[in-house]
Structure formats: C-alpha cells, structure tokens
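# A closer look at the structure
If you want the building blocks of each chain, they are given just below.
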Amino acid sequence: MEGTNPVNKKLAAALSGGAVLAMALSGCGSSDDGSSAKLSAWAKQVCDSVQPQAKKIAAANAAIQKQTSDNSAPEDVQKTDSQAFQDMSDAYKAIGAAVDQAGAPDSGDAKNAAQKQQGAVKELNDISASYASLKKQVDALDTKDQAKFADGLKDVATDLDKLSKNGNGALKELEAGDVGKAMAEQASCKSVASSSAAATAG
C-alpha cells in the first residue's frame, strides 16, 4: 500500500490548515486587563463554545495524521478522512452558531462590530460547507483502484490547501483590537491556542 503514502502525507500537510483556522478563534493577541466587562463576557461566551469544537478539529486532524503514518489500505484512509471531514464540518458549523448567538461584541462601534460578527458567521458556515464538500469528494473516491484513489486524494489535498490559505480573513477582522485582547484573557481560548498549536506542529 506504499503508493498512497506520499499522497496521504500531502493531505496531512494540507490538514494543518484546519488547525490554523481553529487558532484564528483562539484570541492569540496580547492580554489587556482594560477590556470592558461586557466585552469580557462576550469573549468568555465565544471562547467557552469554541473550546470543545477546537478539540474536535484537533482530534480530526490527529486521526488523519495517524492514518498517514501507516501504509494504510485505501478503504481505511477513506473511512478516516470522511469521518474527519464530517467532524470538522460539524465543528465549524457549531462555532458559527456560537458566534451568531453571542451577537456583536461590545467594542465601541456597534454597526461595525455587527458587520464583522456577521461576516465571521458567514465565513464559518462557508468553511463548514467546504469540509462537507471535501467529505463528499473522499466518499466518492474509488478505493479499488489505488492509482485513481491516489489521484483523487491529491485533488482533495489541493482543495484543502486552498481552504486553509483562504479561510479566515473575516475571523481576523472580528478579532482585531480590543476583541482579540478580551479573548486572549479567557482560559478556554488559551486552551484552544495550545491545542491548535499542537495540531499544527503534528
């Protein structure tokens, strides 16, 4: 089964982008005790909701990474990848719902904050849909023909790489300035940052 292994490794490398997207929600900015009580409450609500989903994303990444370390059968790779993409899709959808439910952060400019928040929600839902699409791609691969399977997996890795590079502009906008600082103070967001960093390193 060695033929699929280099492609699996390419897929695993592209997957680190999923961890990067999760890290975008970790509030990695510098801490500042000056954030308002309302903003801190908003940050805590979002961070507490994001933490379990970020763990789910990290676990999905780890599952694919593990599969690539073995010379696994195409059927096993397909099964693992399919489940991982489903988990990622579900996680980003849940994060989007959490950010939507939290409302706009209290950052001084209500209209601008609301636009940024809705932009981030749309982006998270788009990411969720992209992972759902990748799951369909993986499910449709021909595991009986190893050469075709490897080619198909290469296409999945390419799409995944694009997703990881293009995926989090609106999230960065939402977390600019005081919002990011407030998130950096939350223990749950610090936990997201460390788990995301570990997944990226893996």
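These remarks concern the structure in this document. Residue numbering note: each chain is counted from 1, following its sequence as written. Only residues with pLDDT of 70 or above have their local features reported here, since the model is predicted, and side-chain atom pairs are shown and tallied only from 80 upward, although totals for entire chains, interfaces and linings are computed over all residues. In computing side-chain values, all of the structure's heavy atoms are included and hydrogens and water are not.

### Some words on helix H4 (residues 110-139)
Convention followed: A run of H or I in DSSP becomes a helix once it reaches four residues, and a run of E becomes a strand once it reaches two; helices and strands are each numbered from the N terminus. To estimate the expected span of a helix, count its residues, drop one, and scale the result by 1.5 Å. Buried residues are those whose accessible area, probed at 1.4 Å on protein chains only, stays under 20% of the maximum for their type, while exposed residues exceed 50% and partly exposed ones sit between those limits.
For H4, spanning 30 residues, the distance from its first C-alpha to its last is 43 Å, which sits close to the expected 44 Å at 1.5 Å a residue. Looking only at H4, the buried set comprises Ala113, Gln117, Ala120, Val121, Glu123, Leu124, Ile127, Ser128, Tyr131, Leu134 and Val138.

### With respect to the pattern of salt bridges
Put simply, the rule is: By definition here, a salt bridge exists when the distance from a side-chain nitrogen of Lys or Arg to a carboxyl oxygen of Asp or Glu is within 4 Å.
Enumeration over the complete set of coordinates arrives at three salt bridges. With a shortest N-O distance of 2.9 Å, lysine 122 and aspartate 126 are connected by a salt bridge. Linking lysine 122 with aspartate 126, this pair stays in helix H4, spanning four residues, or about one helical turn. The exposure class of lysine 122 is exposed, given its relative accessible area of 54%. Ionic pairing is found between lysine 135 and aspartate 139, a salt bridge with its closest N-O pair at 2.7 Å. Here aspartate 139 and lysine 135 lie together in helix H4, a separation of four residues that amounts to about one turn.

### Notes on the packing of aromatic side chains
To be explicit about the condition: The criterion for an aromatic pair is that two Phe, Tyr or Trp rings (for Trp, the six-membered ring) have centres within 6.5 Å, with stacked assigned to planes under 30 degrees apart, edge-to-face to planes over 60 apart and tilted to the rest.
Using the criterion set out here, one finds two aromatic pairs in the structure. Where tyrosine 92 meets tyrosine 131, the ring centres are 5.6 Å apart and the plane angle is 5 degrees; that geometry is what we call stacked. Here tyrosine 92, found in helix H3 (residues 74-102), pairs with tyrosine 131, found in helix H4; they are 39 residues apart in sequence, far enough to count as distant. Assessed through its relative accessible area of 1%, tyrosine 131 is described here as buried. Three or more aromatic residues joined by ring pairs make a cluster, and in this case those are Phe85, Tyr92 and Tyr131.

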